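Inside the fold
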Amino acid sequence: MYCRRSRLIFVIVLVLSLRSFGILVFAEAGDDAASVLLDTEEKVVSAYLEIVHAESTGGNVSGLLVRLNEAEDLLTQARVVYKLGDFEESARLAVLCSAVSSEVTQEATNLRLEMFRVRTVNLWLSLTLSLVSIAVVGLGCFWGWRVFKRRFYKRVLKMKPEVAVDES
Amino acid sequence: MNLEDYRTVFAATGLALMLAVATPVIGLFVSFEDGAERFSELWILGPEHLVGDYPFDITANVSHSVFVGVGNHMGGSSYYTVLVKLRNQTQSSPNTTASIPSLLLPLSEFRFFIADGG
């Protein structure tokens, strides 16, 4: 009798433990997947911000936006799968999305740096050309003014004085 | 015109020419707003891709479709989120004048990026 009761208690405890363990494992997997999803969302947002920076420097970001939309699609799928309870698949999709987002971030950074370099070169080129042009225009005006002044004096000196008759 | 007048004309012409050749560099430092209005478009079409025949009478286990379009004219790439909410006439509705959305939780959401002009 005592042995049977002990066995029953043992079985109940075992079942409860396994169930709790299962719930714990399930909850842990869910927490992990949720954490991965949050990290991935942050990566997508970072990639977007990097694209905006690259765009503000004049870069063409349409290709990067297409890829980031693909990453966002993966993230959406990961969210749906997470809600359905398939945490493993959710984490897999989130990791894929994260990889694409990281690539996009890297390419956007490269594009931004490239555009910054091009802009710097253009700035110096424009600055140099403008300064040279200003100097040429200034010297041209100065030389033109001197030539004009010389001719003006010559013309004035060649003029004959007008003799006016004072009739008073 | 006397010589002083000619000198003024030369100086003014020279300054105008200098300003003209310096314009590309000035343009690099001074930004001019184009004055265009920034906005986002949102349109909802019925199942026939037309403005009408929206599914108002919803029944369970029957598929209904509407098409949502978003346009970006914000002057740069933008990140949009479209929240899908389903309500009956007694549930919380959005306040369009105060721009307050319905208090209902979204059934699903769509996030996407659109380039300017897209």
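Conventions adopted
Residues numbered from 1 in each chain as written. Chains lettered and ligands numbered in written order. Predicted model: local features only at pLDDT ≥ 70, side-chain atom pairs only at ≥ 80, totals over all residues. Helix = DSSP H or I, 4+ residues; strand = E, 2+ residues; numbered from the N terminus. Rg over C-alpha atoms; globule rule 2.2 N^0.38 Å. Buried ≥ 20, exposed ≤ 12 C-beta atoms within 10 Å, placed from the backbone. Contact = placed C-beta atoms within 7 Å. Nonpolar A, V, L, I, M, F, W, Y, C, P; charged D, E, K, R; others polar. Pairing = 2+ DSSP bridges. Expected span 1.5 Å × (residues − 1). Core = buried A, V, L, I, M, F, W, Y, C linked by C-beta atoms within 7 Å. pLDDT = per-residue confidence, 0-100. Axes fitted to C-alpha atoms, helices over the stretch in contact; angles between N-to-C directions. Parallel < 35°, antiparallel > 145°, perpendicular 65-115°, else oblique. Left-handed = near helix turned anticlockwise from the far one by under 90°. Domains from an automatic or database assignment.

**So, the overall build of chain B**
A tally of helices and strands in chain B yields 1 helix and 4 strands. Moving toward the C terminus, one meets the helices and strands of chain B in the order α-β-β-β-β. Here the C-alpha radius of gyration of chain B, 28 Å, is well above what a compact globule of 118 residues would show, namely 13 Å. Expressed as lengths along the three principal axes of its C-alpha atoms, the size of chain B is roughly 95 × 30 × 25 Å. Here chain B holds 118 residues, and 3% of them are scored as buried. Long-range pairs, those at least 24 residues apart, make up 51% of the contacts in chain B with a sequence separation of at least 6.

**Details of the overall build of chain A**
Counting its secondary structure elements, chain A contains 3 helices and 0 strands. Overall, chain A shows an N-to-C arrangement of helices and strands of α-α-α. Of all 168 residues assigned to chain A, the portion counted as buried reaches 23%. Sequence separation of at least 24 residues holds for 75% of the intrachain contacts in chain A that already meet a minimum separation of 6.

**Re the interface of chain A and chain B**
In this complex, chain A contributes 25 residues to the contact, which on the side of chain B involves 19 residues. Contributing elements (two or more residues each) for the side of chain A that touches chain B: helix H1 (2-56), helix H2 (62-83) and helix H3 (87-158) of chain A. In terms of residue class, the side of chain A that touches chain B is built from 14 nonpolar, 8 polar and 3 charged.

**A word on the pairing of strand E1 (residues 39-45) of chain B**
Residues and elements named next belong to chain B. Counting buried positions along E1 gives 0 out of 7 residues, so the element sits mostly on the surface. Two strands pair when backbone bridges link them, and E1 and strand E2 (residues 67-73) are joined in this way by 7 bridges, in the antiparallel orientation. When the sheet's bridge partners are listed, Leu42 is paired in E2 with Val70.

**Quick word on H2 of chain A**
Residue and element names in this part refer to chain A. Counted at 1.5 Å a residue, the expected span for H2 with its 22 residues is 32 Å, and the 32 Å between its end C-alpha atoms agrees. Of the residues making up H2, those classed as buried are Leu64, Leu65, Leu68, Ala71, Glu72, Leu74, Leu75, Ala78 and Tyr82. Positive backbone phi, at 95°, marks Gly85, one or two positions downstream of H2.

**Overview of the nonpolar core**
Judged by nonpolar contacts, the single largest core of 27 residues is most densely connected at Ile51, Leu68, Ala71, Ala78, Ala94, Cys97 and Ala108 of chain A. At the level of elements, H1, H2 and H3 of chain A are the ones that each hand at least two residues to this core. The element contributing the most residues to this core is H3 of chain A, with 9 residues. Those residues in contact with Ile51 of chain A that lie beyond four places of it in its chain are Val61, Leu64, Leu65, Leu68 and Ala108 of chain A together with Ser77 of chain B.

**A look at the confidence of the model for chain A**
On average, chain A scores 85 in pLDDT, and the residues at 70 or more come to 83%. When mean pLDDT is taken per element in chain A, H2 of chain A scores highest with 93 and H1 of chain A scores lowest with 75.

**Section: the packing of H2 of chain A against H3 of chain A**
Residue and element names in this part refer to chain A. It is at 8 Å that the axes of H2 and H3 come closest, and there the two elements cross at 165°. Of the possible angle classes, the one that applies to H2 and H3 is roughly antiparallel. With respect to the hand of their crossing, H2 and H3 are arranged in left-handed fashion. From H2, Leu64, Arg67, Leu68, Glu70, Ala71, Leu74, Leu75, Gln77, Ala78, Val81 and Tyr82 reach across to H3, where they touch Phe87, Glu89, Ser90, Leu93, Ala94, Leu96, Cys97, Val100, Ser101, Val104, Glu107 and Ala108. For the contact of H2 with H3, the class distribution of residues is 16 nonpolar, 3 polar and 4 charged.

**Here's the deal with the domain arrangement of chain B**
What the domain assignment reports for chain B is domain 1 (1-32) and domain 2 (39-114). On a C-alpha basis, the centres of domain 1 of chain B and domain 2 of chain B stand 56 Å from each other.

**Remarks on unusual backbone geometry**
Residues and elements named next belong to chain B. Although it is not a glycine, Asn61 adopts a positive phi angle of roughly 65°. Mapped onto the elements, Asn61 comes out in the loop between E1 and E2. When the 4 C-beta atoms within 10 Å are taken as the criterion, Asn61 is described as exposed.

**Brief notes about the environment of Gly14 of chain B**
With respect to the element layout, Gly14 of chain B can be found in helix H1 (residues 3-29). In contact with Gly14 of chain B, not counting residues within four places along its chain, are Val137, Gly138 and Cys141 of chain A.

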